[in-house]
Amino acid sequence: MPYCYTTIRKKIQLKSKNSLTKRDSWLIFVIGLFLFTIWLRPEFLNFQTRFALFAQTMFHTGLTFFPQTYLGSYPDYTAASTIVIYGVSRLFGQVTPFSAILPTAIVSSLSLVVTYRIAALHNRQWGIYAVLFLLLTQGFIQNARDISLDQYITLITILCLYLSHSAFIYHHTKRLWFLPILFAIGFVFRGPIGLVIPTTIILGYYLSNGNWKLFFIVGITGLVLLILLSMGLLFAAKQQNNADFVNQVIAMQVGSRLTGSHSLGAYSFYWLKSSYYYALSYPVALLVIGTRFKSIFKKQTLNFQLLRNLTIGILLVLIGMSIPGNRKLRYILALAPLFSIIAAYLFVDPSIKGFLYQSKKLLLRILLVFPYILLLLNILALCFMKKFHINIYVDISFAIFLLITLIYITHNSKQPIVILSAALLTLFILNIFIFDAVSYQSEKTQPFTQQVARLAPRPIVFYFIGPDAEDIKFMVNFNRPVQLHFIQEWAPNQLFSYQKPVYFIALQENFDRIPKQITKHFNVILTGKIGHRDCVVFTKK
């Protein structure tokens, strides 16, 4: 009888825990989706323009293996993310910033949920703090509010980790059959790097656990998939275009990743620059690893075992990604959830003391005053904005209102979870109403494209622009059929080679360099900006 009673009680507790985990997961997803899609700017900026143009082109060409523009097929990426954007945009009738960013926002929100679930396998509080740290990670939220291929790999990586860790805890080894599928999906979205990073993390997991059988199975599976999918990628390139395009795909997806600086200082790129790009989670994770190093690598408790697994996975990826010459901080975005889980342990470690305890207190004090500091800076910016010629009064005024409200609601609480929540909301206010607002004001192109669109229809000739430069920013916002030409060399005399009426577009600095004896035959009819660069539209007299 006591045994039956104990068994029933455990089942009830497990059911209650599962219900709580599901509720938390839905809440985290909805909050994440809201934060990642609120107050998006009305036009495509910077890196967004290229992927938006891919999706716009797909509306005219239909589905393809590789994205296309008016320049032809693009070898850098597969069309997987473009197809997702295209599918979502079909629901809205056109490609908009919201429809293009929504898939990334959904994927990023799912990454929050899976991050929570991994840590919650040990402790619900650990899961909550891991999510808070991930939302306090600048690089993660910056990519979550953008069109980001690396967020897909982040989700794939953290899903692989969840499957492996939950299989270890619950002895559900059948779920490991999903790992090859996830590896393949990573490749489809991001090419070779999309398979290599999650595979490396899982190899680190089984290396840490000393499970050599699964270590070799995962390694061999990853290698076989890499070979087969690479062959499939090249076959798709041949089907869509020709042998020259196949060589371009190899050059851009493999060759370009390997070229770059191989100096001794370059190998520290990820190790040092992650300190600000992946702040707050990366520095705090280093603090936890450094101060609890002996416990992480000697104690055999489940908590320290997870920390050890994550640490070894991170080390393998950072070492491996430091070898190729082409390094970008977004390439290791998939490590952000791992940084966050390790950093969150600072707030659930029951044996914390000494230097680590003092560091935790200092961190909370800094985060406590963060909203006050940003409020003061916003008030000062409002007073002196005219000197910087940036008109973001509405954004800053709204930011001040939100900060005052946030401070009023949270100022009496000294609970760490409240302090971290207030800090992450402050960080979102900073990103949405300051960083995004300044970027929009300095990089917007629509006012210029709208002026050009009101002119009588003519072919457009980009003089010493592009291809694949400012012309992309122009065309994605112009978004109408037009015949395009390019004068790529510095050859002003070629301007006379166009007999039919056309509009020439050039950067202001380049137009000013054209000899006067040539420009006297042309009329400047419009001036404006493509991104942050001054441009002119001129025609033959």
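Whatever comes next refers back to the structure up there.
Residues numbered from 1 in each chain as written. Predicted model: local features only at pLDDT ≥ 70, side-chain atom pairs only at ≥ 80, totals over all residues. Heavy atoms only, no water.

(A) Quick peek at the overall build of the protein. Each helix and strand in the protein was counted, giving 23 helices and 7 strands. Relative to the compact-globule value of 24 Å for 541 residues, the protein shows a C-alpha radius of gyration of 26 Å, a close match. Taking the principal axes of its C-alpha atoms as reference, the protein extends roughly 100 × 60 × 50 Å. Going through the 541 residues of the protein one by one, you find that 52% of them count as buried. For the protein, the exposed area adds up to about 25700 Å²; of that, 66% sits on carbon and sulfur atoms. With 48 positive and 17 negative side-chain charges, the protein shows a separation of 15 Å between the mean positions of the two kinds. (Helix = DSSP H or I, 4+ residues; strand = E, 2+ residues; numbered from the N terminus. Rg over C-alpha atoms; globule rule 2.2 N^0.38 Å. Buried < 20%, exposed > 50% of the residue type's maximum accessible area, 1.4 Å probe, protein only. Areas by Shrake-Rupley, 256 points an atom, 1.4 Å probe, with all protein chains shown as cover. Lys, Arg positive; Asp, Glu negative; His and termini not counted. Charge placed at Lys NZ, Arg CZ, Asp CG, Glu CD.)

(B) Region of the structure containing the pairing of strand β6 (residues 522-530). Of the pairings in the sheet, the one linking β6 to strand β7 (residues 533-540) comprises 8 bridges and is antiparallel in character. Paired with Asn-523 across the strands is Thr-539, a residue of β7. Hairpin connection between β6 and β7: a loop of 2 residues separates the two successive antiparallel strands, and Gly-531 in this loop has a positive phi of roughly 65 degrees. (Pairing = 2+ DSSP bridges.)

(C) Highlighting the layout of surface pockets. Volume-wise, the largest pocket comes out at about 660 Å³. Residue lining of the largest pocket: 30 residues in total, with Asn-46, Gln-48, Gln-142, Arg-145 and Asp-146 positioned closest to the centre. Sorting the residues of the lining of the largest pocket by element identifies α4 (97-120), α6 (138-144) and α19 (416-443) as the ones contributing at least two each. Tallied by class, residues from the lining of the largest pocket come to 13 nonpolar, 8 polar and 9 charged. (1 Å grid on protein atoms, 1.4 Å probe; cavity = no way out; pocket = protein on both sides within 12 Å on 5 of 7 lines; lining within 4 Å. Points joined across faces, edges and corners; volume = space filled by probe spheres on them. Nonpolar A, V, L, I, M, F, W, Y, C, P; charged D, E, K, R; others polar.)

(D) Inspection of the packing of aromatic side chains at higher detail. Evaluation of the coordinates by the stated rule reveals 44 aromatic pairs. Seen from their ring centres, Tyr-282 and Phe-339 are 5.0 Å apart, and the 65 degrees between their planes marks the pair as edge-to-face. With Tyr-282 in helix α13 (residues 281-291) and Phe-339 in helix α16 (residues 336-344), the pair connects residues that are 57 residues apart, well separated along the chain. With centroids separated by 5.7 Å and ring planes inclined at 65 degrees, the aromatic side chains of Phe-304 and Tyr-345 adopt a geometry described as edge-to-face. Placement of Phe-304 in helix α15 (residues 302-322) and of Tyr-345 in the loop between α16 and α17 (354-384) is noted, with a sequence separation of 41 residues between them. Each member of the pair, Phe-304 as well as Tyr-345, is classed as buried. One cation-aromatic arrangement involves Arg-480 over Phe-478; the distance from NZ or CZ to the ring centre is 5.3 Å. Geometry around Trp-490 places Arg-513 over its ring, the cationic atom sitting 4.0 Å from the centre. (Phe/Tyr/Trp six-rings, centres within 6.5 Å; stacked < 30°, edge-to-face > 60°. Lys NZ or Arg CZ within 6 Å of the ring centre and 35° of its normal.)

(E) Local environment of helix α8 (residues 178-190). For α8, spanning 13 residues, the distance from its first C-alpha to its last is 18 Å, which sits close to the expected 18 Å at 1.5 Å a residue. Within α8, burial applies to Leu-179, Leu-182, Phe-183, Ala-184, Gly-186, Phe-187, Phe-189 and Arg-190. Here the buried face of α8 lies against α3 (80-92), α7 (150-170), α9 (192-209), α10 (212-240) and α11 (243-258). (Expected span 1.5 Å × (residues − 1). Contact = heavy atoms within 4.5 Å.)

(F) Expanded view of the side chain of Thr-199. Summarising the element assignment, Thr-199 is placed in helix α9. Here the side chain of Thr-199 touches Leu-195 through a polar contact of 2.7 Å, landing on its backbone oxygen. If near-sequence neighbours (up to four positions away) are discounted, Thr-199 is found in contact with Phe-183, Val-218 and Gly-222. (Polar contact = N/O pair within 3.5 Å; in protein donor to acceptor, adjacent residues only side chain to side chain.)

(G) Representation of the environment of Ser-442. Residue position: Ser-442 is located in helix α19. When residues no more than four places from it in sequence are discounted, the contact partners of Ser-442 are Gly-531 and His-532. Engagement of the side chain of Ser-442 in a polar contact is seen with the backbone oxygen of Val-438, the distance being 2.9 Å. Reaching out from Ser-442, the side chain makes a polar contact with the backbone oxygen of Ser-439 at a distance of 3.2 Å.

(H) Structural view of the packing of helix α2 (residues 48-61) against helix α21 (residues 470-478). Where α2 contacts α21, the two axes come as close as 9 Å, and the packing angle between them is 50 degrees. Taken together, the axes of α2 and α21 are oblique relative to one another. When you trace α2 past α21, the crossing you get is left-handed. Contacts between α2 and α21 involve Thr-49, Arg-50, Ala-52, Leu-53 and Gln-56 on the former and, on the latter, Ile-472, Lys-473, Met-475 and Val-476. In terms of residue class, the contact of α2 with α21 is made up of 5 nonpolar, 2 polar and 2 charged. (Axes fitted to C-alpha atoms, helices over the stretch in contact; angles between N-to-C directions. Parallel < 35°, antiparallel > 145°, perpendicular 65-115°, else oblique. Left-handed = near helix turned anticlockwise from the far one by under 90°.)

(I) Up close: empty space enclosed by the protein. With the rule as written, the count across this model stands at 1 cavity of 30 Å³ or more. In this structure, the largest cavity encloses a volume near 30 Å³. Considering the residues around the largest cavity, the lining is formed by Asp-150, Ile-153, Arg-190, Ile-193, Ile-197, Arg-330, Tyr-331, Leu-333 and Ala-334. Elements represented by at least two residues in the lining of the largest cavity include exactly α7 and α9. Residues belonging to the lining of the largest cavity are distributed by class as follows: 6 nonpolar, no polar and 3 charged.

(J) Highlighting the nonpolar core. Core analysis: the biggest nonpolar cluster contains 124 residues, and Phe-36, Trp-126, Phe-133, Leu-135, Leu-335 and Leu-420 have the highest contact counts within it. No other element matches the 12 residues that α19 contributes to this core. Once you skip the residues sitting within four places of it in the chain, Trp-126 turns out to touch Ala-119, Asn-303, Leu-306, Leu-307, Ile-341, Ala-344, Tyr-345 and Val-348. (Core = buried A, V, L, I, M, F, W, Y, C linked by side-chain atoms within 4.5 Å.)

(K) Seen up close, the sheet that holds strand β3 (residues 460-463). Taken together, 5 strands build an open sheet; the order of strands is β4-β3-β5-β7-β6 and the sheet is mixed. Every other strand in the sheet has two partners, leaving β4 (484-487) and β6 as the edge strands with one partner each. Each neighbouring strand pair of the sheet contributes to a mean axis angle of 25 degrees, computed without reference to strand direction. Helix α20 (residues 446-453) rests against β3, β5 (503-507), β6 and β7 of the sheet, and its axis sits at about 145 degrees to β6.

(L) Region of the structure containing the pattern of salt bridges. Overall, the coordinates contain 12 salt bridges when judged by the stated rule. Residue Arg-330 pairs with Asp-150 through a salt bridge whose shortest N-O separation is 3.7 Å. Taken as a pair, Arg-330 in the loop between α15 and α16 and Asp-150 in helix α7 lie far apart in primary sequence, 180 residues in all. In this pair, the class of Arg-330 matches that of Asp-150, namely buried. Among the ionic pairs, Arg-533 bridges to Glu-509, the shortest N-O distance being 3.2 Å. Of this pair, Arg-533 sits in strand β7 while Glu-509 sits in helix α22 (residues 508-513), and the two are 24 residues apart along the sequence. The class of Arg-533 is partly exposed, set by a relative accessible area of 26%. (Salt bridge = Lys/Arg side-chain N within 4 Å of Asp/Glu carboxyl O.)

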